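Here is how the chains run, residue by residue.
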Amino acid sequence: MAARSLQLAVGLLFLLLSGALSFPLGQETKQSATCGYESCHATKPNMLNVHLVPHTHDDVGWLKTVDQYYYGDRNDIQHAGVQYILDSVVDQLLKNPDRRFIYVETAFFYRWWKQQSSSMQQTVKQLVNEGRLEFVNGGWCMSDEATTHYSAVIDQMTMGLRFLNETFGACGRPRVAWHIDPFGHAREHASMFAQMGYDGFFFGRLDYQDRDRRMMAKEQELLWRASESLTPPVADLFTGILPNGYNPPPGFCWDQSCDDPPIRDDPDLEDYNVDDVVSRFLAIANRQSLVYKTNHIIMTMGSDFQYENANLWYKNLDKLIHYVNAQQANGDKVNVLYSTPSCYLQELHRANLTWALKTDDFFPYADDAHDFWTGYFTSRPALKRYERISNSNLQTCNQLEVLGGPDSRKGPFGEGNSQTMKKAMAVAQHHDAVSGTEKQHVANDYARRLANGWQHCQALVSNSLAALSGSSAKRIYCDNLNISVCPLSESSKKFSVNVYNPLARPVTWPVRLPVNGTAYVVSDANGKTVDCQVVPVSAATREVRRNRGLAVNELVFEVQAPPLGFTTYSVSLLKDGPPPASTKHRTPAAIQNKFLRVTFDPDTGLLSSLSNLETKQTIKLTQNFYWYNASDGNNSESIQPSGAYIFRPNSSTPFIISKTAKTESIQTSVVQEVRQWFSPWVSQVVRLYTESRALELEWTVGPVPIDDDLGKEVITRLDTSIETSQYFYTDSNGREVLQRKTDFRPTWNLKQSEPIAGNYYPINSRAFIKDDNDQLTVVTDRSQGGGSIYNGSLEIMLHRRLLYDDVRGVAEPLNETSKIFPEGLVVRGRLLLSLDRPPSAADAHRPLAQEVVLQPLLTFTDGDLHPNTQLEFSGLQAALPPAVHLLTLTQWDKDSVLVRLEHQFQSGESKVNSQPVTVNLQKMFSTLEVLGVSELNLSANQWKDEMTRLQWTPQTEERPLLKTFEDPSVWEVTLRPMEIRTFLLRVSLR
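Note that the structure is a prediction, hence the values are computed from the model and not measured.

Undergrad: What is the right way to look at the sheet that holds strand 19 (residues 553–561) in this model?
TA: Two strands in a sheet stick together by hydrogen bonds in their backbones, pointing the same way (parallel) or opposite ways (antiparallel). The antiparallel open sheet is built from three strands, whose spatial order is 15-19-18. The sheet terminates laterally at strand 15 (507–515) and strand 18 (532–536), the two strands that pair on one side only. Looking at each pair of strands side by side, their axes are set apart by 30° on average, direction ignored. As defined by bridge partners, strand 18 adjoins strand 19 across five bridges and the pair is classed as antiparallel. Directly across from Val534, in strand 19, lies its bridge partner Leu555.

Printed below as a string of structure tokens:
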């Protein structure tokens, strides 16, 4: 206890010194505040209590851009204007203190708040303090759950919750997570919500078969145990499934967008309908009560962009409550009240029942027998990749803002900031953004925002690197290296490459630079010559560049970058050097380095086996490309088409693109490549770098042809000799891995009606198949969909081009083109394959996946560097242990930084790394002196010591008691498997 008391004392001292007390906690709430659970209306114990929850669901972009939705622009597309919703709701709340409203999307509320007068802001604060306006969820957006990476979700939640805390204090902190629209639900999201302090979680969508079973068993409210590694109840989250998705019950929608009749309660006028309304409502309420467990039920009174004229809703809700409750005098046992999700949750908690326990997730989601929402796992693959690269760039930007100090924000390259990029990334997590389920013009807007954010970050990064290196020479960014475009390297005879590594451990990384020379000398920061090779640019790359670059060759070398720091390589053209490596137009028997050996079938040009030379294991491995013919719905209205959301192949057998591949090979001392051509629109490079333990498959797909009027869903399939017995494994939001089984769901007896689409799951960063001896892991560079349809196989969907809308609202086929590719989008990506023994496979795929998510940033400087330039730097005193990942390093305020440390291994997945590990915060950074520390919850909006949550009892066991673990000292923190710990550090630059 002494150590703990000391830590609190140090934390309080730090807070007093830094003035940061108001940051995580927000403003002090007035004594008169009765928000949260204290503001709930009284209920009646001997009656059925119907909690009416007025709400609006405001997509942060979907059919219109986020700006168009806010302003109410482009109402020819969809009538929606968020600013008017908030104006109208506040006005109506003031007219009756009984009324309630919940708001969710902080991205919109933040915009609205900035435009209000101080008197209006005070009025809204009073509504919040009295619990009449309540925030739920509270992130910048309502994130997608299938295609988002956990690091970006944590960031966007932190951003939204911080604004609410700083604006409204404790009364602005949401108690409930609210994901009413996302299309399936990830276990990692539930784990994160629990660690953010939420008491419960409500959502609207789940599989129709799952819902039917849960209704019969009264298990639509449950306890979700969202981690196999974290000790219960740390990741336990009470979860409720809403009765009507997120819509009102049929016949009770009183928005201006609805057609239901208002309550006509003047008996002297025609069409008096109070008796009819009351009887219909009582019937619906009583029916709903039969499939829920307590004498409390919830009704969502609102929907998409409703309450623009809130008077319509509230006038009729007031009447509904009055007339239904008046029936109590006649013996009716139904009590209706204005409520919020947290007030409803409080009543469920007071019921003191036990709840069904769930340990898997809610994927895949189907709303009918042939309507599986598994297409969006892959939809808009270019946007999905751009979002992932943008996340990497943002983390680098955040880190360098801290490491470079104040000079990073204002320096030789102008004013830089990370806020624009943070907002763009936060918006991109929305469930119609990175999911790929928006209209094309909206997808373009998301990409434009990310590009604009990166422009602001580039100034910051350049300033920071200038401060850290002592060189203010102009830095060039080459964002098109994936298609061998970089004007500087293509034309310069001498330049330097700065390699910044955002990981807290050293990395070896292959660099490929477009050049026109045939021979170069590359030297590292110590002046030592580095092995480099020049290889010809592939025909596929020349095709996709479309005159955006003129390089005929690529300079290839491997760099070694220090942890959380940079190193510098100089590149010089050799006038009379040897010619570039030649290509051989035959398939090699094998390529190999000291770790891996890959063989090819000389007759087909395809992969035939993969061997790990260290562990002496070999598997048969073939790989090819196929496409499913998308159902089009053209011939029959009863056929569900494939679209942005839904994957519906019209046959379970995909078409093979080619049984053979034309090949050419390149073998050098740095890299060995087999370049495969399957068709004019599908090619691949099988690549093995000298120092790599992973085999790279760089695929290029597109333009997907549609001249045959057939929509196509393109996959790659790996077929192996591994005995999988129908099991395979996918990650959840890039973190914990879940076991999957073909044609199976853990919580109900599945009636499989779609043997392909019904077996697809989100793959956020990795998937693997294994047996007792072998594990083949595939690390992806973006979110994709996939499954194991056949034993020993793993298929991943890479690209989709569809000709029909899937009738889920977007009203547009997923048929992507661009100015550069008017005939159809070309997409390029990488899969990284590793073969290991199952007990040690995580030791390889965990760090590998982090390298793909947080990849080194290359910046370029033309000519010679100033002789006093510092060529190498690390922001750490020493690399962090292999099990520890530096998840967050970002400036919080003038004197403090936010740090998240993560144990990146699951319990039991590694003999070496699935152990507790201790890190010393004071001895961590090389440029920062840590003066004080205080621990926060995951979303950084509560002190960890003060975070209390409602506790729930599962049906199958005792209520788990929260265990606390002591750290060795104030500065030494211990991380257990899958644990993320968040700290606010008061720092000064050394």
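Here the narrative resumes, following the displayed structure.
Undergrad: Is there a simple way to explain the pattern of salt bridges in this structure?
TA: Oppositely charged side chains may form a pair once their charged atoms are brought near each other. Taken as a whole and assessed by the stated rule, the structure comprises 56 salt bridges. Arg350 serves as the salt-bridge partner of Glu347, at 3.1 Å between the closest nitrogen and oxygen. Within this pair, Glu347 and its partner Arg350 are both found in helix 12 (residues 341–350), separated by three residues, close to a single helical turn. You can call Glu347 buried: its relative accessible area is 8%. In the salt-bridge network here, residues are joined through shared partners; they are Arg512, Glu554, Glu664, Glu673, Arg675, Arg687, Glu696, Glu698 and Arg830.

Undergrad: For this particular structure, what's the right way to read helix 18 (residues 841–853)?
TA: Residues that lie three or four places apart on an α-helix share one face, since the helix turns once every 3.6 residues. The terminal C-alpha atoms of helix 18, which comprises 13 residues, lie 19 Å apart, in line with the 18 Å expected from a rise of 1.5 Å per residue. Summarising burial for helix 18: 11 of the 13 residues are buried, a large majority. For helix 18, the set of buried residues is Ala841, Ala842, His845, Arg846, Pro847, Leu848, Ala849, Gln850, Glu851, Val852 and Val853.

Undergrad: Help me out: how do you make sense of the pairing of strand 39 (residues 857–862) in this one?
TA: Consecutive side chains along a regular strand alternate between the two faces of the sheet. Burial within strand 39 is extensive, with five of its six residues counted as buried. Here strand 13 (residues 476–477) pairs with strand 39 via two bridges, running antiparallel. The partner of Ile476 across the bridge, within strand 39, is Phe860.

Undergrad: Can you help me understand the environment of Leu936 in this one?
TA: Take Leu936: it is sitting in strand 44 (residues 928–936). On the basis of relative accessibility, which here comes to 1%, the residue Leu936 falls in the buried class. Sequence spacing of Leu936 and Glu946 is 10 residues, and the spatial spacing of their C-alpha atoms is 9.0 Å.

Undergrad: What am I meant to see in the state of the cysteines here?
TA: Working definition of a disulfide: a covalent bond connecting the sulfur atoms of two cysteines. Counting across every chain of the model gives five disulfides. With its sulfur 2.0 Å from that of its partner, Cys478 forms a disulfide with Cys486. Every disulfide takes its handedness from the sign of the S-S torsion; for Cys478 and Cys486 that torsion is 50°, giving right-handed. The buried category is assigned to Cys478, whose relative accessible area is 11%. For the protein, the bonded cysteines connect in the pattern 1-3, 2-6, 4-5, 7-8, 9-10 when numbered consecutively along the sequence. Between Cys141, a free cysteine, and Cys457, which holds the nearest cysteine sulfur, the sulfur-to-sulfur gap is 18 Å. Cysteine Cys532 is unpaired, with the sulfur of Cys486 as its nearest cysteine sulfur at 16 Å. For Cys532, a relative accessible area of 14% gives the class buried.

Undergrad: Hey, could you run me through the packing of aromatic side chains in this one?
TA: Geometrically, a pair of aromatic rings is defined through the distance of the ring centres and the angle of the planes. Under the defined criterion, the tally for this structure stands at 47 aromatic pairs. Ring geometry for Phe183 against Tyr645: centres 5.2 Å apart, planes inclined by 90°, an arrangement best described as edge-to-face. You can see Phe183 sitting in the loop between strand 4 (176–179) and helix 8 (187–195) and its partner Tyr645 sitting in the loop between strand 24 (617–629) and strand 25 (655–656), a full 462 residues away along the chain. Exposure class is identical for Phe183 and Tyr645. Each is buried. Pairwise contacts between aromatic rings join Tyr103, Phe109, Tyr110, Trp112, Trp113, Phe135, Trp140, Phe163 and Phe168 into one cluster.

Undergrad: Just to check I follow, could you spell out the domain arrangement of the protein for this structure?
TA: Interfaces are frequently sized by the accessible area removed from exposure as the parts join. According to the domain assignment, the protein consists of domain 1 (45–368), domain 2 (381–577 + 854–862), domain 3 (590–839) and domain 4 (876–989). Computed over C-alpha atoms only, the centres of domain 1 and domain 3 are separated by 38 Å. On the domain 3 side, the residues contacting the 29 residues of domain 1 number 26 residues. Of the roughly 2,300 Å² buried between domain 1 and domain 3 on both sides combined, carbon and sulfur atoms contribute 48%.

Undergrad: I tried to follow the confidence of the model for the protein on my own but got confused; where do I start?
TA: Close inspection of predicted coordinates is inappropriate in any region flagged by low pLDDT. Taken residue by residue, the protein gives an average pLDDT of 95. The fraction at 70 or more is 96%. Contacts of residues 1–31 to residues separated by more than four positions or lying in other chains number 63 contacts, the stretch itself having pLDDT below 50.

Undergrad: Would you mind showing me how to read the nonpolar core here?
TA: Most often, soluble globular proteins have nonpolar side chains that are buried together. Counting 147 residues, the largest nonpolar core has Val50, Leu52, Phe109, Phe281, Tyr307 and Leu320 as the members making the most contacts within it. Contacts of Leu320, omitting those with residues within four sequence positions, involve Leu52, Phe252, Trp254, Ile263, Val277 and Phe281.

Undergrad: Would you mind going over the side chain of Ser732 with me for this structure?
TA: Within the fold, Ser732 resides in the loop between strand 31 (727–731) and strand 32 (737–741). A distance of 3.0 Å separates a polar side-chain atom of Ser732 from the backbone nitrogen of Glu188. When neighbours within four sequence positions are excluded, Ser732 is seen to be in contact with Ala186, Arg187, Glu188 and Leu738.

Undergrad: Honestly, the UniProt feature "domain: Glycoside hydrolase family 38 central" (unreviewed entry) in the protein in this entry has me stumped. Any pointers?
TA: Here, UniProt's "domain: Glycoside hydrolase family 38 central" (unreviewed entry) annotation points to residues 371–450. The span residues 371–450 is 56% helical and 5% strand by assignment, and the distance between its end C-alpha atoms comes to 32 Å.

Criteria and thresholds
Along each chain, the written sequence defines residue order, and numbers are assigned to residues from 1. Under the rules for a predicted model, residues below a pLDDT of 70 receive no local features and side-chain atom pairs below 80 are neither given nor counted, while totals for whole chains, interfaces and linings still include all residues. Each side-chain value is worked out from all heavy atoms of the structure, with water and hydrogens disregarded. In this analysis, strands are considered paired if DSSP registers two or more bridges between them. Strands here mean DSSP runs of E at least two residues long; helices mean DSSP runs of H or I at least four residues long; both are numbered from the N terminus. Every angle, taken between N-to-C directions, lies between 0 and 180 degrees, and every axis is a line fitted to C-alpha atoms, over only the stretch in contact when it is a helix. We count a salt bridge whenever a side-chain nitrogen from Lys or Arg sits within 4 Å of a carboxyl oxygen from Asp or Glu. A simple rule labels every residue: compare its accessible area, found with a 1.4 Å probe on the protein chains alone, to the largest value its type can have, and call it buried under 20%, exposed over 50%, or partly exposed in between. How far a helix is expected to stretch is found by multiplying one less than its residue total by 1.5 Å. Disulfides are defined in this document as cysteine sulfur pairs within 2.5 Å. Only rings of Phe, Tyr and Trp enter the pairing, Trp through its six-membered ring, and a pair is recorded when the two centres are within 6.5 Å. The plane angle decides the type: under 30 degrees is stacked, over 60 is edge-to-face, the rest tilted. Where a domain begins and ends is set by an automatic assignment or by a domain database. Between two residues, a contact is recorded if the distance between any of their heavy atoms is within 4.5 Å. Buried area is understood as the total, over both parts, of accessible area removed when two parts are fitted together, assessed with a 1.4 Å probe. On a range of 0 to 100, pLDDT expresses the predictor's confidence in each residue. To form a nonpolar core, buried Ala, Val, Leu, Ile, Met, Phe, Trp, Tyr and Cys residues must be joined to one another through side-chain atoms within 4.5 Å. In the analysis that follows, any N or O atom pair within 3.5 Å is treated as a polar contact, provided that within protein one partner can donate a hydrogen and the other can accept it, and provided that, for residues neighboring in sequence, both atoms belong to side chains. UniProt positions are given in the numbering used here, feature names are shortened, and annotations may be inferred rather than shown by experiment.

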